[in-house]
Structures are given as structure tokens and as C-alpha cells.
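# Structure assessment
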Amino acid sequence: MAANLDFIKQVEITSANTTNIDVTNCFDDRYNMYKIFFNIQEVGAEVAMEFRLIDSGGNVISDAEYDHAYRFMTSTNSNSDGSNEGADKWQFFMYGEEAVGGFAVMDIYNPYDSNLYTFAHWDMTSHYLASSTATQMARHGIGVHKVKESITGFRIFGGSANIDKALASVYGVRE
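What you are looking at is a predicted structure, and each value in this text was computed from that prediction instead of being measured.

## Comments concerning the confidence of the model for the protein chain
Of all residues in the protein chain, 92% attain a pLDDT of 70 or more, and the chain-wide mean is 88. At the level of individual helices and strands, the protein chain shows its lowest average pLDDT in strand 7 (residues 90–96), which scores 79, and its highest in strand 1 (residues 4–13), which scores 94.

Here is the structure:
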């Protein structure tokens, strides 16, 4: 069965020195699944982008309620796996390196339903400068938010660098 995407919301960052991208009031009871597209064009310095959920009260959830696992791959055949249980965010959602850019897509399930956990999986690709050698990098991740609560939005942030140019778009998925 084919799925349709219904545009919900977009947030664009066009000025330097932004530390967080908050996309609020984008999840509701109309959909069980959402698709998030994130295009980062420029950051202040090399940075791994992180992801947190926002609850129905507008609070960014930073408690140890996130589990995730990931696969890291590069064009130079450097691969690794990792996981984190009881984290305060989903790590390695995206990666940015100065003005090189990159792209991530996340599917997020049941965010608004307070009777279910919120699940996600994401894929990203970007440029990576490993030991002065430019390579392509990709990550595939899965995550669960281990508290049953109503989620209405999310935050993307770089812990150690500013986001200068980026675009986050949210779509509801219909079958």
C-alpha cells in the first residue's frame, strides 16, 4: 500500500549562532507516523547533531529516557556500531562539518499517543574529515523514548557548535 505525505511544518535557520532548532506543535492525533527531513548546510565547527523530544507542556525532555543504537559507515570502509541506554537524547542523528552540509531522514512513530512509547529510526549522510582525508559518512539509527507521554515536537541541537544554516521539515504519513 502506498503512503502519502501531508506537509505539516517547516523551520529554517538562516543566521549564524543558533544552538537549537525547535519544531513545536507538529505532532497530533491525526497521524501515527511522521517523517522528518533535516538538511544542514552550515555549522560553526565540526559537530554531531543530537535529538530530543518536546512534551505536550512544551518542555524539552532531557531526562535519561532515551535508548538508541546506530551503525556508522564511511566511504573509506571504517565502520562501527554503538548503542546507549538511559541517555538524555538520541545521539548521532546528524553530523555537520562547517559549510559542507548533509541530510537526514527520520521516521517517528506514535509520538502523540500517551499510551505508547515513541519509536524512531533515522538515516543520514554527510561529509566527514577523518585524519585530514575527506570521506562520505552515513549513519543508520534506531531509538525509543521509554516514557509513555504525549510528544508534540522536537529539538535538534549541536552540543559543541552553532548551527548557521539548516532546514527541518515535518510530514504526516497517511496510508
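Having put the structure on the table, let's press on.
## Some remarks on the pattern of salt bridges
As a working rule, side chains carrying opposite charge can pair if their charged atoms are close by. Following the criterion strictly, the structure yields eight salt bridges and no others. Linking Asp88 and Arg52 is a salt bridge whose minimum nitrogen-to-oxygen distance equals 3.1 Å. Here Arg52 lies in strand 4 (residues 47–55) and Asp88 lies in the loop between strand 6 (79–87) and strand 7, a separation of 36 residues in the sequence. For Asp88, a relative accessible area of 30% gives the class partly exposed. Of the residues examined, Arg52 reaches a relative accessible area of 13% and is grouped as buried. Where Arg71 meets Asp81, a salt bridge forms, and the shortest distance between an N and an O atom there is 3.0 Å. In this pair, Arg71 is assigned in strand 5 (residues 66–74) and Asp81 in strand 6, connecting sequence segments ten residues apart. On the basis of relative accessible area, Arg71 is assigned to the partly exposed category, the value being 32%.

## A closer look at the packing of aromatic side chains
By the definition in use, this model includes ten aromatic pairs. Relative to Trp90, the ring of Tyr66 has its centre 5.5 Å away and its plane inclined at 80 degrees; by these criteria the two rings are edge-to-face. With Tyr66 in strand 5 and Trp90 in strand 7, this residue pair connects regions lying 24 residues apart in the sequence. Taken as a pair, Tyr66 and Trp90 share a single burial class, namely buried. Taken together, the ring pairs in this structure connect Phe27, Tyr31, Tyr34, Phe51, Tyr66, Trp90, Trp122 and Phe154 into an aromatic cluster.

Rules behind the numbers
- Residues numbered from 1 in each chain as written.
- Predicted model: local features only at pLDDT ≥ 70, side-chain atom pairs only at ≥ 80, totals over all residues.
- Heavy atoms only, no water.
- pLDDT = per-residue confidence, 0-100.
- Helix = DSSP H or I, 4+ residues; strand = E, 2+ residues; numbered from the N terminus.
- Salt bridge = Lys/Arg side-chain N within 4 Å of Asp/Glu carboxyl O.
- Buried < 20%, exposed > 50% of the residue type's maximum accessible area, 1.4 Å probe, protein only.
- Phe/Tyr/Trp six-rings, centres within 6.5 Å; stacked < 30°, edge-to-face > 60°.

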